[in-house]
Amino acid sequence: MDAPFVIPEEATASEAIDAIRDELDVFDDWMERYQYIIEMGRKLPPFPPEWCDDAHRVPGCQSQVWLEAREEGGKLYFAGLSDAAIVCGLVALLLRVYSGRSCAEIMNTDPKFLRDLGLVQALSTNRGNGVEAMARAIRSAAAAQTA
Amino acid sequence: MTEAATREKSRQDLDVAAIRQQFPILSQTVHDRPLVFLDSAASAQKPDAVIDAMTHTMRGQYANIHRGLHWMSERTTEAYEAVRDQVAHFLNAPSRDEIIFTRNSTEAINLVAHSFGALLKPGQAVVISEMEHHANLIPWQMLRDRAGIELRVAPITEAGDIDLDALQGLLADGKVALVAVTHMSNVLGTVTPAKRIAEIAHAAGAQVLFDGSQFVVHRKTDVQALGADFYTFTGHKLYGPTGIGVLWARKALLEAMPPFLGGGDMISTVTFEKSTWANVPHKFEAGTPAIIETIGLGAAISWVEAIGFEAIAAHEAALTAHALTRLADVPGLKVIGQPKERGGVISFTMDDVHPHDIATLLDRNGVAVRAGHHCAEPLMRRLGLSATARASFGVYTLPEEIDTLVDTLVRIRNFFV
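Cut-offs and rules
Each chain has its residues counted from 1, following the order in which its sequence is written. Lettering for chains starts from A, numbering for ligands starts from 1, and both go in the order in which the items are written. Given that this is a predicted model, residues contribute local features only at a pLDDT of at least 70 and side-chain atom pairs are listed and counted only at 80 or more, while totals for whole chains, interfaces and linings are drawn from all residues. Only heavy atoms go into the side-chain values, all of them from the structure, while hydrogens and water stay out. UniProt positions are given in the numbering used here, feature names are shortened, and annotations may be inferred rather than shown by experiment. What makes two residues a contact is simply this: any of their non-hydrogen atoms within 4.5 Å. Buried area is calculated as the accessible area (1.4 Å probe) missing from two parts once they are joined, with the contributions of both summed. When a carboxyl oxygen of Asp or Glu is within 4 Å of a side-chain nitrogen of Lys or Arg, the pair counts as a salt bridge. What qualifies as a polar contact is a pair of N or O atoms within 3.5 Å, subject to a donor-acceptor requirement within protein and to the restriction that residues adjacent in sequence count only when both atoms come from side chains. Runs of E in the DSSP output that reach at least two residues are strands. Runs of H or I that reach at least four are helices, and both are numbered from the N terminus. Under the convention adopted here, Pro, Cys and the residues Ala, Val, Leu, Ile, Met, Phe, Trp and Tyr are nonpolar, Asp, Glu, Lys and Arg are charged, and Gly plus all remaining residues are polar. Axis definition: a line fitted to C-alpha atoms, limited for helices to the stretch in contact. Angles are taken between N-to-C directions and run from 0 to 180 degrees. Note on terminology: angles under 35 degrees are roughly parallel, angles over 145 are roughly antiparallel, angles of 65 to 115 are roughly perpendicular, and the others are oblique. The score called pLDDT rates the predictor's confidence residue by residue, from a low of 0 to a high of 100. To sort residues, take the accessible area from a 1.4 Å probe on protein chains only and compare it with the maximum for the residue type: under 20% means buried, over 50% means exposed, and anything in between is partly exposed. Whether two strands pair comes down to DSSP finding at least two bridges between them. As defined here, a cavity is a set of points on a 1 Å grid over the protein atoms alone where a 1.4 Å probe fits but cannot get out. A pocket is an open set with protein on both sides within 12 Å along at least five of seven lines, and residues line them when an atom is within 4 Å of a point. Grid points are joined across faces, edges and corners, and a volume is the space filled by probe spheres set on the points. The span expected for a helix works out to 1.5 Å for each residue beyond the first. It is the directions from the helix axis to the C-beta atoms whose arc is reported. All domain edges in this entry derive from an automatic or database-based domain assignment.

The name given to chain B in an unreviewed UniProt entry is Cysteine desulfurase, and the organism recorded there is Acetobacter farinalis. What the UniProt record of chain B gives under Catalytic activity (unreviewed entry) is the line "(sulfur carrier)-H + L-cysteine = (sulfur carrier)-SH + L-alanine". Its UniProt record gives chain B a comment under Cofactor (unreviewed entry), which states: "pyridoxal 5'-phosphate".

Where an unreviewed UniProt entry is consulted, chain A appears under the name SufE family protein, with the organism given as Acetobacter farinalis.

This is how it looks when you write it as structure tokens:
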């Protein structure tokens, strides 16, 4: 699978969650954590501008978020982008967890890790709901694949 | 004394520290930082005087109004109706009967669109401006689609003022029945030349409505001096509670207009065959009103009037000038609009940083601002923007809070360069 789809760094979704937790723990202040999250967003593979349309848009996000999914070799790969930097960073973290996994693994990875890591709370309530909307979009893509 | 000196004196007369002590919420911390509340244009915080008036009502002097034949009801009716007198005085309305209590400014405008709208004929037109809040746009779109009324939009200049020549042009064919525009923009801070707009409207045979939600907070409002026909505002931006707003309209208009909502309190006689309406203002106040909130609004008006609009306007003018000076030093920051006259509202962008990111990072530092389209999507489109960040000031805002905003913006910008 090639760019813009995200190739997983860790072998499993749960390892990815642990790695993100460790990385976030390094910082003692939220401004530094935001800087890290924004940096993660910058490292996302370039998302094709022609995919920034309503068909790719994730509903329920205050900022604009676009997602695309593709299946290869029994795994689902995701590409994503947001027009807001912090949300883009959260997209990157989500895709690090969910991209390049089997549908079963995606379905078994509860998005509550977003709350456990404080990532929903990193945004105001309205925008935090949007992050969960992204996780739902990813999981429903997996559910559609298995249906 | 020069104008600048007068302003300086007024500013010194305003004891902001003492004012802040009357707002319990302002001593809070957010994310372990002192709260810097720069979102008063969305809704202002409430002083003890308002909180106490409302709890006092609920604790000691409360019953339903107008209908009760008992002591508690009579006293509550007196308190409620006294606010009508207060509002009439606040707006310099000729008569207390011209004050209609609504839920907010949105409902007041909807009332006019419904009931004044019912007097209009297909082919007549309503004019709004490009910088209206959705509250002064959607009700007119609904009227247009329901009644075959034409909706015309007066353009704004690059600076963010209503283009008065263009407005005049839109009125030239004599079909316009109403010009409905903001008295102060919630996005650009523009204070519109309401008196001049009223003259232009009247010269073309149109009535004029001003949405005063932002304006009444900052300056003395005089509907007669403005030559207004309709004026609306909401309580919660005026340091009062939510759920209470005001429509003022000339009595002849109110008498000609059919009711908005039907129900109790707005009738004279009722049979199954036919009902007749109560006199104004009660014709437009169906059902049990927001009694406690109305009393809260009365307390808010007393509170701001005790401070005085001269001192409030001078304080906010000084704050706005300070903010514009300081913000000009933030690299990449662009203040949106340079209107001829500006109230304490400043919208801005910073390079291509998303306003949502600006607001989130400010919030983590205790600074509350608004970010988004500010319920004015067509204006955002006109400005070629999808969103802005907006700082807005109130009587309790300190220059030091603006410094915190600016210093934090500089830190945030360093994230992105």
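A.B. asks: How would you sum up the interface of chain B and chain A? Please name residues and give values.
C.D. replies: Tallying the contact residues gives eleven residues for chain B and 17 residues for chain A. In total, about 1,300 Å² of surface goes out of reach between chain B and chain A, with carbon and sulfur atoms giving 57% of it. Where chain B packs against chain A, one counts zero salt bridges. The tally of links between chain B and chain A comes to five residue pairs in polar contact (both at pLDDT 80 or more). Elements that contribute at least two residues to the side of chain B that touches chain A include exactly helix H14 (355–364) and helix H16 (399–416) of chain B. A class-by-class count of the residues in the side of chain B that touches chain A yields four nonpolar, four polar and three charged.

A.B. asks: Give a description of the packing of helix H2 (residues 30–42) of chain A against helix H3 (residues 85–98) of chain A that names residues and reports values.
C.D. replies: Residues and elements named next belong to chain A. Look at H2 against H3: their axes get within 7 Å of each other, and the N-to-C directions meet at 70°. In terms of their interaxial angle, H2 and H3 are classed as roughly perpendicular. Packed against H2, whose contacting residues are Tyr-34, Tyr-36, Ile-37, Ile-38, Met-40 and Gly-41, the element H3 presents Ala-85, Ile-86, Cys-88, Gly-89, Leu-90, Ala-92, Leu-93 and Arg-96 at the interface.

A.B. asks: Residues and numbers for the confidence of the model for chain B, please.
C.D. replies: Should pLDDT be low for a region, the predicted coordinates there are not to be read in detail. Per-residue confidence for chain B averages 95 on the pLDDT scale, and 97% of its residues sit at or above 70. With pTM at 0.92, the complex prediction returns an ipTM value of 0.88.

A.B. asks: Outline unusual backbone geometry, supporting the account with residue identities and numerical values.
C.D. replies: Cis geometry is adopted by the peptide bond preceding Pro4(A), which originates at Ala3(A) and carries an omega value of 10°. The residue Pro4(A) is located in the segment before helix H1 (13–25) in this model. Of the consecutive residues Val280(B) and Pro281(B), the connecting peptide bond is found in the cis state with omega at 5°. When you line up the elements, Pro281(B) lands in the loop between strand S12 (275–277) and helix H12 (291–307). Here the phi dihedral of Asp32(B) falls at roughly 65°; this positive angle occurs in a residue that is not glycine. For Asp32(B), the position within the fold is in the loop between strand S1 (29–30) and strand S2 (33–34).

A.B. asks: How would you summarise the pairing of strand S8 (residues 207–211) of chain B if you had to cite specific residues and measurements?
C.D. replies: Side-chain direction in a regular strand flips from residue to residue, so the side chains alternate between the two faces of the sheet. Residues and elements named next belong to chain B. Buried residues dominate S8, accounting for five of its five residues. The alternating pattern of S8 places Gln-207, Leu-209 and Asp-211 and Val-208 and Phe-210 on opposite faces, both of which are buried. Bridge count for strand S7 (residues 176–182) against S8 is five bridges, and the pairing is parallel. For Val-179, the partnering residue across the bridge sits in S8 and is Val-208. Alignment of S8 against strand S9 (residues 230–234), held across three bridges, turns out to be parallel. Residue pairing across strands places Leu-209 opposite Phe-230, the latter belonging to S9.

A.B. asks: An account of empty space enclosed by the protein is needed here, citing residue identities and associated values.
C.D. replies: Counted under the stated rule, the structure contains two cavities of 30 Å³ or more. Put simply, the largest cavity is a space of about 50 Å³. Here the lining of the largest cavity is composed, by residue class, of five nonpolar, five polar and one charged.

A.B. asks: Describe the sheet that holds S8(B), listing the residues and the values that go with them.
C.D. replies: Residues and elements named next belong to chain B. Strand order across the open sheet formed by seven strands is S4-S10-S9-S8-S7-S5-S6, with mixed pairing between neighbours. Looking along the sheet, the strands with just one partner apiece sit at the ends: strand S4 (99–102) and strand S6 (150–154). Across the sheet, the axes of successive neighbouring strands diverge by a mean angle of 20°, strand direction being ignored. Sitting on the sheet, helix H5 (residues 105–115) touches S4, S8, S9 and strand S10 (245–249), and the angle it makes with S9 is about 155°.

A.B. asks: Lay out helix H3 (residues 48–60) of chain B with the relevant residues and their values.
C.D. replies: Residue and element names in this part refer to chain B. For H3, which comprises 13 residues, the first-to-last C-alpha distance of 17 Å matches the rise-based estimate of 18 Å (1.5 Å per residue) to within 8%. Where H3 is concerned, the buried positions are Val-50, Ala-53, Met-54 and Thr-57. Down the axis of H3, the buried set is contained in an arc of 90°. They therefore lie on one face. Residues of H3 that are exposed and point over 90 degrees away from its buried face: His-56 and Arg-59. Buried residues in H3 make contact with H12.

A.B. asks: Break down the domain arrangement of chain B for me, citing the residues and quoting the values.
C.D. replies: Much of the literature gives interface size as the accessible area that the parts lose upon coming together. Residues and elements named next belong to chain B. Entries for chain B in the domain assignment read domain 1 (3–30 + 308–416) and domain 2 (51–305). The gap between the C-alpha centroids of domain 1 and domain 2 is 28 Å. Contact with domain 1, which involves 35 residues of that partner, is made by 32 residues of domain 2. Between domain 1 and domain 2, the buried area comes to about 2,700 Å², and carbon and sulfur atoms account for 57% of it. Among the residues domain 1 hides against domain 2, the three largest losses belong to Phe-309, Leu-379 and Arg-382. Together they make up 26% of the total. Between Arg-382 and Glu-130 there is a salt bridge, with the nearest N and O atoms lying 3.1 Å from each other.

A.B. asks: Lay out the environment of Gly189(B) with the relevant residues and their values.
C.D. replies: Residues and elements named next belong to chain B. Mapped onto the fold, Gly-189 is located in the loop between S7 and helix H8 (194–203). Each C-alpha atom, one on Gly-189 and one on Phe-215, is 9.3 Å from the other, the two residues being 26 residues apart in sequence. Leave out the neighbours within four places in its chain, and Gly-189 touches Met-184, Glu-341, Arg-342, Gly-343 and Val-345.

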